[in-house]
Amino acid sequence: MKASRLQAVLSLPKVLLFIVGGMVVLSLLFFTFWQRLNRKVEDILKEQFNQQQLELARKIADNVEAYFDYLESELLAYPWRFRLIPPNSPEFDAYMAARFENLQRLGILEIRLFDRNGRLQRSWMSPLGSISGVPEKALEPALLSWVNDPKNKGRLFLGEVHRATTPPWQGRLVMPLITGLYISPAASASEGALELLIDPLFVAHTVTAGVRSGVSGYPWIIDQNGIFLAHHEKGFVGRDALEVRRQRSPQMTFTGLQELQARILGGEEGTGEYISGWHRQRVGETPKLAAFTPIRFDKGLIRSVTDVENPGRNLWGVAVVAPMDEVAGQVSAVTRQELFLVAFFFLAVILVPLALIIVALSWNKILAREVNLKTEELLESQKRLVRSERFAAVGEAAAYVSHEIKNPLMVIGGLARQVQKKLEGDPPLCDKLDIIRNEVQRLENLLGEIRDFTRPATPVKQEINLNQVIHEVDTLLEGEAKGRGINLEEQLAPDLPPVQADPNQMRQVLLNLIKNAFEALDSGGRVTLTSGAEDRRVWFTVQDTGVGMSPEVLDKIFNPFFTTKEKGTGLGLAVIHKIVSDHQGEVNVKSSPEEGTTITVKLPCEPEGASSELS
Ligand code: ADP
Ligand code: MG
């Protein structure tokens, strides 16, 4: 029985532990996978976003290339035009001024005409651009020999972006586009050269203006030396892309960006990520998504776009970049909603059954407790039955024995008295006869107790006040208590309800209890009589500070004839038990060898209203 109760107590937390543990493991698994999925979704979105950025970058590169295609056809048309309007004709100046007027709007700073020795002959430029007249200028020797090489007839040379060192464009970024002039159809050597001086910043600005990626992404363009030709941040334009960034955020390394830039200028196209130091108004480390593509100038049919000494180096790069959290932010907004949904599902699917299980388990526990209680009651009543059967058997035997002994005992006592009378002059014999008479008396007392125990004493019940009975017995035993040096005290509840009981039997119960208490107190002490009422029951206790009992003794004290005393009968408590049982009451004993003994008798009492209702 104990084991099953233990199980019932243990099973609830154990099952709960299992369920909660399982839930935690499941949740961990779930969130790990969920996180992983989210990251995948984020990666896909980033990739898609970057692909769109790449499209934008390609568009920009296409526009730059288209622009140069136009310039190419413009420049290659001049030899034909010069056949119709030769440089020494009267309309030439006006014609060229009109051409320049036109090209100026496309970012051409100057048109230069060189003679066959590479010396500057004529120049057309914006009045704003001309600072202090036209200085003596000549084509660089390498360029002159390129122009004069007949195999370059009908070809163009596009120089790198560089900072002009002489007026009028000193300090400005410029880019030359040159072709040899073969004016007469029969000319086998160039008759001079024509140069368009391009403003690369104008070009870069034009193709990037208004381009936006996502919410706040923007493009930038660098030239072959990593100089910004276009950037959202105006202050960056014309400056070294890495240097200007490092100046602005000295604490950052920009290695990612450096690699990316190297890839662009190596002619690679692709997508990637890097950590930037800012984005528009925002300052601080900003991870960015970047798509990049090179701008090549050697795609035209006949154009030879080369650095004379270093062919193929002339390359720009365009990148479109946007802060990563713009993309990731959208994902996280969606995933937050997703999480909310999942959490709701989780609660519904897991917590509700869990709650049901808890309810079922606690219900189980209550049932188990109830069953245990009933089992205990059953066992107790079984014990009582066995005891009363034993009582009955012992009682019958005792009644028979006491009846058989009673008469001979009376004869022995009577004869002893007669003999004593005859032997009054012989004190030693008289003393012996005294002993016989005393022992006979003791045996008669024992027979009396046996009679009490065996008598089929149905209680004669009447309404009594227990306090009054207790007080009577207390008064009766006061003298004896004093003689034994015992402190006999009363602690009676003032408003004790009356009980239906046999006053004589109650007196006997109290007498037996107090007698036992006295006998337990060898060298004085205290005996307390207490009374009280609770739960429709009236109770009284006899408490002593005596020797107390071991658990083994405690187990047997209600057995008839069980005694630990030399001259005890072992019937006192057996009689008490019988009387109290006859009153539908119960006796509880609490005792320990150090603290003494407390014996409580509980009797049922009618609730106050019950009897008046009947009458
Ligand atoms: P008896 O008093 O004749 O021994 P009882 O039935 O009255 O028989 O008591 C049985 C036994 O219970 C006693 O012998 C004693 O060991 C024990 N006992 C009863 N009351 C007390 C008590 N107040 N303190 C210690 N032991 C007690
Ligand atoms: Mg006794």
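A. Spatial organisation of the overall build of the protein. Scanning the protein from N- to C-terminus turns up 13 helices and 18 strands. Taken over the C-alpha trace, the protein has a radius of gyration of 61 Å; the compact-globule value for 615 residues is 25 Å, which it surpasses by more than 25%. Taking the principal axes of the C-alpha coordinates as reference, the protein spans close to 195 × 45 × 45 Å. Classification of the 615 residues of the protein by burial places 40% in the buried group. Contacts spanning at least 24 positions in sequence make up 66% of the contacts within the protein whose residues lie at least 6 apart. Carbon and sulfur atoms make up 58% of the accessible area of the protein, which totals about 34700 Å². Each charge class in the protein was averaged separately, 68 positive and 75 negative side chains, and the resulting centres sit 4 Å apart.

B. Broad picture of the pairing of strand E17 (residues 586-592). Bridge count for E17 against strand E18 (residues 596-604) is seven bridges, and the pairing is antiparallel. Paired with Val589 across the two strands is Ile599, which belongs to E18. In sequence, E17 turns back onto E18 through a hairpin of three residues.

C. Local environment of the nonpolar core. Core analysis: the biggest nonpolar cluster contains 50 residues, and Phe68, Leu71, Phe82, Ile111, Ile198, Ile221 and Trp316 have the highest contact counts within it. At 11 residues, the largest contribution of residues to this core is made by helix H1 (residues 2-84).

D. Layout of the site of ligand 1. As a structural note, the neighbourhood of ligand 1 is formed by 19 residues, with Asn516, Thr563, Thr564, Lys565 and Leu573 the closest of them. In this structure, Thr569 approaches ligand 1 through a main-chain N or O atom, which is 2.9 Å from an oxygen atom. At 3.4 Å, a backbone N or O of Gly572 approaches an oxygen atom of ligand 1. Burial of ligand 1 by the protein amounts to 94% of the accessible area it has alone, namely 520 Å². Sorting the residues of the shell around ligand 1 by element identifies helix H10 (503-520) and helix H12 (572-582) as the ones contributing at least two each. At four residues, H10 tops the list of elements feeding residues into the shell around ligand 1. Residues belonging to the shell around ligand 1 are distributed by class as follows: seven nonpolar, nine polar and three charged.

E. Examining the sheet that holds strand E8 (residues 228-230) more closely. Reading across the sheet, the five strands line up as E8-E7-E11-E10-E9 and stay open at both edges, with antiparallel pairing between neighbours. Whereas interior strands pair on both sides, the edge strands pair on one side only; in this sheet they are E8 and strand E9 (270-279). Taken over all neighbouring pairs, the strand axes of this sheet differ in orientation by 35° on average, direction set aside. Where strand E7 (residues 218-222) and E8 come together, two bridges link them in antiparallel fashion. By the bridge assignment for E8, Ile222 is matched with Phe228. Along the sheet, helix H4 (residues 200-208) contacts E7, E8 and strand E11 (315-323); its crossing angle with E8, the most-contacted strand, is approximately 50°.

F. Quick look at the environment of Ala193. Relative to the helices and strands, Ala193 is located in strand E6 (residues 193-198). You can call Ala193 buried: its relative accessible area is 1%. Sequence-wise, Ala193 and Thr375 are 182 residues apart; in three dimensions their C-alpha atoms are separated by 121 Å. With sequence-adjacent residues up to four places away left out, Ala193 is seen in contact with Arg112, Leu113, Phe114, Asp115, Leu139, Val147, Ile178, Thr179, Gly180 and Leu181.

G. View of the packing of aromatic side chains. Using the criterion set out here, one finds 12 aromatic pairs in the structure. Relative to Phe31, the ring of Phe30 lies with its centre 5.1 Å away and its plane at 85°, an arrangement referred to as edge-to-face. On the basis of relative accessible area, Phe30 is assigned to the partly exposed category, the value being 30%. Residue Phe31 is classed as partly exposed on the basis of its relative accessible area of 35%. Relative to Trp316, the ring of Phe68 lies with its centre 6.1 Å away and its plane at 85°, an arrangement referred to as edge-to-face.

H. Fine view of the pattern of salt bridges. Applying the stated rule across the entire model yields 18 salt bridges. In this structure, Glu269 and Arg58 form a salt bridge, with 2.7 Å as the shortest nitrogen-oxygen distance. Note that Glu269 is positioned in the loop between helix H6 (255-265) and E9 and Arg58 in helix H1, a separation of 211 residues in sequence.

What counts and what doesn't
Residues numbered from 1 in each chain as written. Chains lettered and ligands numbered in written order. Predicted model: local features only at pLDDT ≥ 70, side-chain atom pairs only at ≥ 80, totals over all residues. Heavy atoms only, no water. Helix = DSSP H or I, 4+ residues; strand = E, 2+ residues; numbered from the N terminus. Rg over C-alpha atoms; globule rule 2.2 N^0.38 Å. Buried < 20%, exposed > 50% of the residue type's maximum accessible area, 1.4 Å probe, protein only. Contact = heavy atoms within 4.5 Å. Areas by Shrake-Rupley, 256 points an atom, 1.4 Å probe, with all protein chains shown as cover. Lys, Arg positive; Asp, Glu negative; His and termini not counted. Charge placed at Lys NZ, Arg CZ, Asp CG, Glu CD. Pairing = 2+ DSSP bridges. Core = buried A, V, L, I, M, F, W, Y, C linked by side-chain atoms within 4.5 Å. Near = heavy atom within 4 Å. Polar contact = N/O pair within 3.5 Å; in protein donor to acceptor, adjacent residues only side chain to side chain. Nonpolar A, V, L, I, M, F, W, Y, C, P; charged D, E, K, R; others polar. Axes fitted to C-alpha atoms, helices over the stretch in contact; angles between N-to-C directions. Phe/Tyr/Trp six-rings, centres within 6.5 Å; stacked < 30°, edge-to-face > 60°. Salt bridge = Lys/Arg side-chain N within 4 Å of Asp/Glu carboxyl O.

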